[in-house]
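# Residue-level structure breakdown
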Amino acid sequence: MKVLVTGVKGQLGYDVVKELEKRGHQPIGVDRDEMDLMDNAAIRTFIMELKPEAIIHCAAYTAVDKAEEEVETCYQINAESVKVISECAKELDVKLIYISTDYVFNGTKEGEYVETDLPNPINVYGASKLKGEQYVQGLLEKYYIVRISWVFGVNGNNFIKTMRRLGSERDKLNIINDQIGSPTYTADLAPLLVDMMETDKYGIYHATNEGTCSWYEFANEIFKQSGIEVKTNPITTDQYPTAAKRPMNSRMSKAKLKANGFSLLPTWKEALKNYLDLI
């Protein structure tokens, strides 16, 4: 199957292309140079000439704090370009997997978010990704919207790489302890996305590694598994102001994955171990 994968230079796109190759599909991995998400006409021309048999849209504007200033750019990449991609998918009658985020929720719910919970984003990034979701749902029937959180992979920057660097440079680190979520390892997620593509079990899904933690707990596990000794101090979100507000609770239920016969991802601690072994 000829599959268009956007964001091939990012963490997830890179692993999705590898997984597709492994299974004998024909991935066409693109990034900004091949298909610029700031140019709607160019997106349309590229896709309609390529005629893929499926699209896995991993590319996104993900600079959460910067998005509060670069509102137009963020919406163009995360919403308007998604509309064009969805229109192309509809004309070609092909499946689209759209990668979304826990940030479509406001994080005030007690317990886990389910796919049918009403989104209510509290920052520009989350609002732009929700708009992308709405375009996909409004235009297509053959779609998968997959909400993920706290992503890490080999290709690109992430929290683990930052913590390992800071842990080696400093004696003491302050880390937020009141935002709760689930890390997502792209090498675990990529096979699940390809599994989905190979079925017609369409809809919205939540997909992260199993288990939850705070950023503080995540950081301490990173240091423990990396053998880095550094003093960590738990702080509240209020003590570390950022341009964009973050949801406090990003726990997402994976019951729908299970109900549709998809395999759950390994625990985040296992994922971390596999990732550290690799890098």
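Preceding block: the structure.
In short, a report on the structure. (Residues numbered from 1 in each chain as written. Predicted model: local features only at pLDDT ≥ 70, side-chain atom pairs only at ≥ 80, totals over all residues. Heavy atoms only, no water.)

Moving on, we come to the packing of helix α5 (residues 159-169) against helix α7 (residues 215-226). Relative orientation of the contacting elements α5 and α7 amounts to 65 degrees, with a least axis distance of 10 Å. Crossing hand, α5 versus α7: right-handed. Between α5, through F159, I160, M163, R164 and G167, and α7, the contact on the second element is made entirely by W215, F218, A219, I222, F223 and S226. The class makeup of the residues in the contact of α5 with α7 is eight nonpolar, two polar and one charged. (Axes fitted to C-alpha atoms, helices over the stretch in contact; angles between N-to-C directions. Helix = DSSP H or I, 4+ residues; strand = E, 2+ residues; numbered from the N terminus. Left-handed = near helix turned anticlockwise from the far one by under 90°. Contact = heavy atoms within 4.5 Å. Nonpolar A, V, L, I, M, F, W, Y, C, P; charged D, E, K, R; others polar.)

If you look at the biggest cluster of nonpolar residues, it comprises 32 residues, and the most contacted ones within it are M35, I47, I55, I85 and V136. Sorting the residues of this core by element identifies α2 (40-50), α3 (71-92), β4 (95-101), α4 (124-139) and β5 (143-148) as the ones contributing at least two each. With seven residues, α3 is the largest single contributor of residues to this core. Leave out the neighbours within four places in its chain, and V136 touches V82, S86, L96, Y98, Y143 and I145. Counting 26 residues, the second-largest nonpolar core is a separate cluster that includes I99, V146, A190 and L192. (Core = buried A, V, L, I, M, F, W, Y, C linked by side-chain atoms within 4.5 Å. Buried < 20%, exposed > 50% of the residue type's maximum accessible area, 1.4 Å probe, protein only.)

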